[in-house]
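A look at the structure
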Protein chains: 2
Amino acid sequence: MNADKIPDIIIGRLPVYLRALQRMAENGMKTTSSQELGELVGISAAQIRKDISQFGEFGKQGTGYSISFLIDKLREILNVNRMWDIVIVGAGDMGHALARYQGFSNRGFRVAMVFDIDNAKVGQKIGGFIIEDASTMTERIRSAKIKMAMMTVPASAAQAVADKLVQAGVRAILNYAPTSINVPHNVRVQYIDPSTHLQRMTYYLD
Amino acid sequence: MNADKIPDIIIGRLPVYLRALQRMAENGMKTTSSQELGELVGISAAQIRKDISQFGEFGKQGTGYSISFLIDKLREILNVNRMWDIVIVGAGDMGHALARYQGFSNRGFRVAMVFDIDNAKVGQKIGGFIIEDASTMTERIRSAKIKMAMMTVPASAAQAVADKLVQAGVRAILNYAPTSINVPHNVRVQYIDPSTHLQRMTYYLD
DNA sequence: TAGATTGTTAATCGATTAACAATC
DNA sequence: TAGATTGTTAATCGATTAACAATC
């Protein structure tokens, strides 16, 4: 294990490798090569080898990588060889979809609570969760020691909600609100905004 | 307008600038500076000036940028000074949420059709759209000349659906399926996978 | 063994930052 | 005018690629 600081751009590719490897494992494959994995994920074989080698010598010359071994290592590196509880803030359509999403459990995540400010929604059930009042949020998150959140609130509410989450001890926010937010340096943010993603592609269309 | 090829990493930041500028405009602001915009989006002022200057001289020394003028220019550059029709493939929870999402229209997008393979879903309504049979998809997309799609299908179906979309003439795919897909070079893909985004953050958590 | 593929090095390529003249 | 801020240059910093010895 290399003690140097690993660039975030490399960290960002590891989940993509892991996802592809888990798929390969499901399909019964036992080993793969940087070449094969690269074709699957659209990244050069050299880069995949370089990325992986930052963390150790996980491959074998001549035969490549053991898929299950590499999965274990990547899960360890990414800290997803455990379950992370996540809260959802905002019980609109997108919050609903995430609350019911089946794709978290085998990737290291579990939705733990869902919050909304709308009294008409509080108390209702979505995907097995009872929607809780956002006014109790800080305390609930803090006492459950939850570190991750998904924000599916309007842009106008995003900064205030983010501030409350940070206060509650959240250290990673997946932000579905279509706006940038400011958080302290020790808090990570990832952005999911379909319009922004789409606009990145229209540039190339006629 | 610079005729050189603009790096994709710059193109990727423009929608973020545009989103912030539209927010400023809604709040009644008339001008801004690279400094102010940078603090809002978390990018250095120098980089913002450099990015914008790739396309022309849109600012004024001493006063900064006219927000409405810069919005116009960015919309023009990104090709979103028009409406793009989009199809949704997969009418599960995520497809539902996207079909009902109100955040597309003022960013240049309009959902035009929703498809699913499930006969139990075909004919039902979501968000004002009637779910259509996926077997008619290629022909429907082709004759409507639609160039963009959002895929909210299981990972196992993603590659086959992508192939059909490409055949139908789609040139940009926003892929919500948790898997990488392979498409020809003239087709753009953007990925939205909450687990992948979350795993990029857990690396930094204890 | 022969063939395949890793891990790593050095070279190349590309992106970001700092600084400042120009100018509103 | 004085102050502010752009657009741009040069320097720095960082990422990717190509190549190959090592070795399974």
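Residues numbered from 1 in each chain as written. Chains lettered and ligands numbered in written order. Predicted model: local features only at pLDDT ≥ 70, side-chain atom pairs only at ≥ 80, totals over all residues. Heavy atoms only, no water.

So, the domain arrangement of chain A
Split by domain assignment, chain A resolves into domain 1 (8-77) and domain 2 (84-197). Computed over C-alpha atoms, the centres of domain 1 of chain A and domain 2 of chain A are 31 Å apart. (Domains from an automatic or database assignment.)

What about the interface of chain B and chain A?
Counting residues at the interface gives 64 residues for chain B and 64 residues for chain A. Summed over both partners, the interface of chain B with chain A buries about 6300 Å², with 58% contributed by carbon and sulfur atoms. Broken down residue by residue, the surface that chain B buries against chain A is led by Gln 199, Arg 200 and Tyr 203 of chain B, which jointly contribute 12%. A salt bridge links Asp 206 of chain B to Arg 171 of chain A; the shortest N-O distance between them is 3.5 Å. Here the residues of the side of chain B that touches chain A sort into 37 nonpolar, 13 polar and 14 charged. (Contact = heavy atoms within 4.5 Å. Buried area = accessible area lost by both parts, 1.4 Å probe. Salt bridge = Lys/Arg side-chain N within 4 Å of Asp/Glu carboxyl O. Nonpolar A, V, L, I, M, F, W, Y, C, P; charged D, E, K, R; others polar.)

Some details on the pattern of salt bridges
This structure, assessed with the given rule, holds 23 salt bridges over all chains. The partner of Lys 121 of chain B in a salt bridge is Asp 116 of chain B, and the shortest N-O contact between them spans 3.8 Å. Owing to a relative accessible area of 26%, Lys 121 of chain B belongs among the partly exposed residues under this scheme. On the accessibility criterion, Asp 116 of chain B (10% relative accessible area) is buried. Overlapping salt bridges bring together Asp 8 and Arg 188 of chain A together with Arg 200 of chain B as one network. (Buried < 20%, exposed > 50% of the residue type's maximum accessible area, 1.4 Å probe, protein only.)

Re the sheet that holds strand E4 (residues 84-89) of chain A
Residue and element names in this part refer to chain A. With respect to topology, 7 strands assemble into an open sheet ordered E6-E7-E5-E4-E8-E9-E10, the strand pairing being mixed. Because the sheet does not close on itself, it has two edges, and the strands there are strand E6 (125-126) and strand E10 (188-191). Where strand E5 (residues 109-116) and strand E7 (residues 129-133) come together, 3 bridges link them in parallel fashion. Its bridge partner being in E7, Asp 116 is matched across the sheet by Asp 133. (Pairing = 2+ DSSP bridges. Helix = DSSP H or I, 4+ residues; strand = E, 2+ residues; numbered from the N terminus.)

Overview of the pairing of E5 of chain A
Residues and elements named next belong to chain A. Where burial is concerned, most of E5 is hidden: 6 out of the 8 residues are buried. Two strands pair when backbone bridges link them, and E4 and E5 are joined in this way by 6 bridges, in the parallel orientation. Bridging from a neighbouring strand, Asp 85 pairs with Arg 110 of E5. Each parallel crossover has a hand, and for E4 linked through helix H5 (residues 93-100) to E5 it is right-handed. (Right-handed = clockwise from strand over helix to strand, strands pointing away.)

Overview of unusual backbone geometry
Positive phi outside glycine occurs at Lys 145 of chain A, with the angle close to 55 degrees. Within the secondary structure, Lys 145 of chain A sits in the loop between helix H6 (137-144) and strand E8 (148-151). For Lys 145 of chain A, a relative accessible area of 64% gives the class exposed. Even without a glycine there, the phi angle at Asn 79 of chain B is positive, about 65 degrees. Along the chain, Asn 79 of chain B turns up in the loop between helix H4 (67-77) and strand E4 (84-89).

A closer look at the protein's contact with DNA strand C
Near DNA strand C, the surroundings consist of 25 residues, among which Ser 34, Arg 49, Gly 59 and Tyr 65 of chain A together with Gln 47 of chain B are the closest. Sugar plus phosphate: this is where 60% of the atoms of DNA strand C within 4 Å of the protein reside. At 2.9 Å, a side-chain N or O of Arg 49 of chain A approaches a base oxygen of DNA strand C. Residue Gly 59 of chain A places a main-chain N or O atom 2.8 Å away from a phosphate oxygen belonging to DNA strand C. Those elements giving two or more residues to the surface near DNA strand C turn out to be helix H3 (45-53), strand E2 (59-60) and strand E3 (64-66) of chain A together with helix H1 (8-26) and helix H3 (45-53) of chain B. Here the surface near DNA strand C takes 4 residues from H3 of chain B, the largest share from any one element. Of the residues that constitute the surface near DNA strand C, the class distribution is 5 nonpolar, 12 polar and 8 charged. (Near = heavy atom within 4 Å. Polar contact = N/O pair within 3.5 Å; in protein donor to acceptor, adjacent residues only side chain to side chain.)

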